[in-house]
Amino acid sequence: MKVTEGKFKDRQLQREGQLQKETAEQGEYAEASVCRKIAENTDIITDLQRAGLLEKILHRDNLNKAYKKVKSNKGSGGVDGMCVEELLTYLREHGKDLNQQILEGKYKPNPVRRVEIPKEEKGKYRKLGIPTVVDRVYQQAITQVLTPIFEKQFSENSFGFRPKRSAHDALKQCQRNANEGYVYVVDMDLEKFFDNVCQSKLIEVLSRTIKDGRVISLIHKYMNAGVVSKGLFEKTEVGVPQGGPLSPLLSNIMLNELDKELERRGHRFVRYADDCMIFCKSRKSAERTLRNILPYIEEKLFLKVNREKTCVAYISKVKYLGYSFYRHKGFRFRVHPKSVKKMKKKLRELTDRSNAWSNENRILKLKQFIKGWVNYFKLADMKQLLKETDKWLRHRIRAIYWKQWKKVRTRIQKLRNLNLPERIVFEIANCRKGIWRSAEVLNQALTNKEIANLGYISLTGYYLQVCEN
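Residues numbered from 1 in each chain as written. Predicted model: local features only at pLDDT ≥ 70, side-chain atom pairs only at ≥ 80, totals over all residues. Heavy atoms only, no water.

## Focus on the nonpolar core
One finds Met188, Leu206 and Ile219 to be the most contacted residues of the largest nonpolar core, which totals 66 residues. Broken down by element, the residue count for this core peaks at nine residues, all from helix H5 (residues 133-151). Beyond its immediate stretch of four places on either side in the chain, Met188 contacts Asp274, Cys276, Ile278, Leu290, Ile293, Ile297, Val305 and Thr310. Counting 62 residues, the second-largest nonpolar core is a separate cluster that includes Ile370, Leu379, Leu418 and Ala445. (Core = buried A, V, L, I, M, F, W, Y, C linked by side-chain atoms within 4.5 Å. Buried < 20%, exposed > 50% of the residue type's maximum accessible area, 1.4 Å probe, protein only. Helix = DSSP H or I, 4+ residues; strand = E, 2+ residues; numbered from the N terminus. Contact = heavy atoms within 4.5 Å.)

Printed below as a string of structure tokens:
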């Protein structure tokens, strides 16, 4: 498909027939009226037009870096159907026009495509908004310029979506707090955070730092672009669509207000994205902290707290980032039972006997999942758990091969290739039990060593290579 012709031609330059949301922002940026209408505190907005931040965002080097990032992330297309492979050709042809539109304040982002991802809770979904690939490039360009500016303001206790910080860093900070006696926690749950962000409050917070009103207005346009769900357009006057490169930075900017308030009050806390835990030395102190912080979150930041999930508990009773804690010569990590259940469900899917995968494909997918899962949970004490899981997983692998060796003569041939005594070969090949029970007999032939030789990776073996406990 040639992107210079057909459905992608003049994607942003010609509006007729396109699903777009008309915003209240008309005319030139010189009026700088948007920020003054939205922000609650207009005294902080000065010199909005001359800071030149937008020019830094649209600089060729920055846009090239943004394109490479979007290209490497791949991902599906937005409402216009353009995929990442078609992006470069389109940008080469229309990039200058798009940049000019942004500089003149005439650019209007496309709505995001709504995708619903099932949550762990049955019947609940996480709403993601997939921007078009062109909008992803410009959002990434904005993020690259603004991140170093806001990094200087962010709290040391914030770990999510930040360079050189990870979930492991957040967990280690939790462990340090617990080992120093802060063993009662306020486990804070913000209800549908990305869907409930107050845009006017977020614009006010942004305006304290960003003095180029054109950048503020462009960000506001992205928040107001709307969503397309099941073919229908919906306005987004509240919330930040989760799924674009800009949304993680905006969430940190908004929740940095909570971080600063907690620091001002002298609390110990750890925040990873919208998952926040406040540490106290006693249950009464934790309950008092929760009572006192709720009004600030709901009345000052205009966010909703999920009262059912927010609780005060001893640290060993809470789940944080998939982990839980237990006490043994200080506090240590283990994998939360829900995370174990989720892991086994995934392994069942990857070793389903009826998924018609080749053995090579299954080996590759298992290796990718096991390495990713173990690398994430490598802080936990789970050697015994993984030994039991390995035993169960190898049983499922043997069952797959037994089903593949349908006929007796095939089984004889395969078993002979494993250099078994002839008597054992005929005994196993003529087994008339079901697949699962026959897999128990097959362990004489497909030993743990043979399964490893086939390329299957052991959870325990890999864990012992990378564990950090």
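## Quick word on the sheet that holds strand E8 (residues 311-314)
Each strand in a sheet pairs with another by means of backbone hydrogen bonds, the pair being arranged parallel or else antiparallel. In spatial order, the strands read E6-E7-E3-E8; together these four strands make up an open sheet with antiparallel pairing. In the strand order of this sheet, the two ends are held by strand E6 (268-272) and E8, each with one partner. Each adjacent strand pair in this sheet contributes to an overall mean axis angle of 25°, direction not counted. Note that E6 and strand E7 (residues 275-280) share five bridges and pair antiparallel. Bridge assignment links Phe269 to a residue of E7, and that residue is Ile278. (Pairing = 2+ DSSP bridges. Axes fitted to C-alpha atoms, helices over the stretch in contact; angles between N-to-C directions.)

## Focus: the packing of aromatic side chains
What the rule picks out here adds up to 14 aromatic pairs. When the centroid spacing of 5.5 Å and the interplanar angle of 75° are considered together, the rings of Tyr323 and Phe333 count as edge-to-face. Highlighted residues: Tyr323 in strand E9 (residues 323-327) and Phe333 in strand E10 (residues 331-335), separated in sequence by 10 residues. Of the two residues, Tyr323 and Phe333, both sit in the buried class. An angle of 35° between the planes, with centres 5.1 Å apart, marks the rings of Tyr323 and Phe377 as tilted. Placement of Tyr323 in strand E9 and of Phe377 in the loop between helix H13 (359-376) and helix H14 (383-404) is noted, with a sequence separation of 54 residues between them. (Phe/Tyr/Trp six-rings, centres within 6.5 Å; stacked < 30°, edge-to-face > 60°.)

## Some thoughts on the confidence of the model for the protein chain
In the predicted model, the protein chain carries a mean pLDDT of 86, and 89% of its residues have values of at least 70. Counting interchain partners and residues more than four positions distant, the pLDDT-below-50 stretch residues 1-50 has 106 contacts. (pLDDT = per-residue confidence, 0-100.)

## Brief notes about the pattern of salt bridges
Taken as a whole, this structure holds 20 salt bridges when the rule is applied. Residue Glu55 is joined to Arg214 by a salt bridge in which the shortest nitrogen-to-oxygen separation is 2.8 Å. Of this pair, Glu55 sits in helix H2 (residues 53-57) while Arg214 sits in helix H9 (residues 213-223), placing them 159 residues apart in sequence. For Glu55, a relative accessible area of 36% puts it in the partly exposed group. On the accessibility criterion, Arg214 (10% relative accessible area) is buried. Here Lys346 makes a salt bridge to Glu349, at a shortest N to O gap of 3.9 Å. Of this pair, Lys346 and Glu349 both sit in helix H12 (residues 337-350), three residues apart, which is roughly one turn of that helix. (Salt bridge = Lys/Arg side-chain N within 4 Å of Asp/Glu carboxyl O.)

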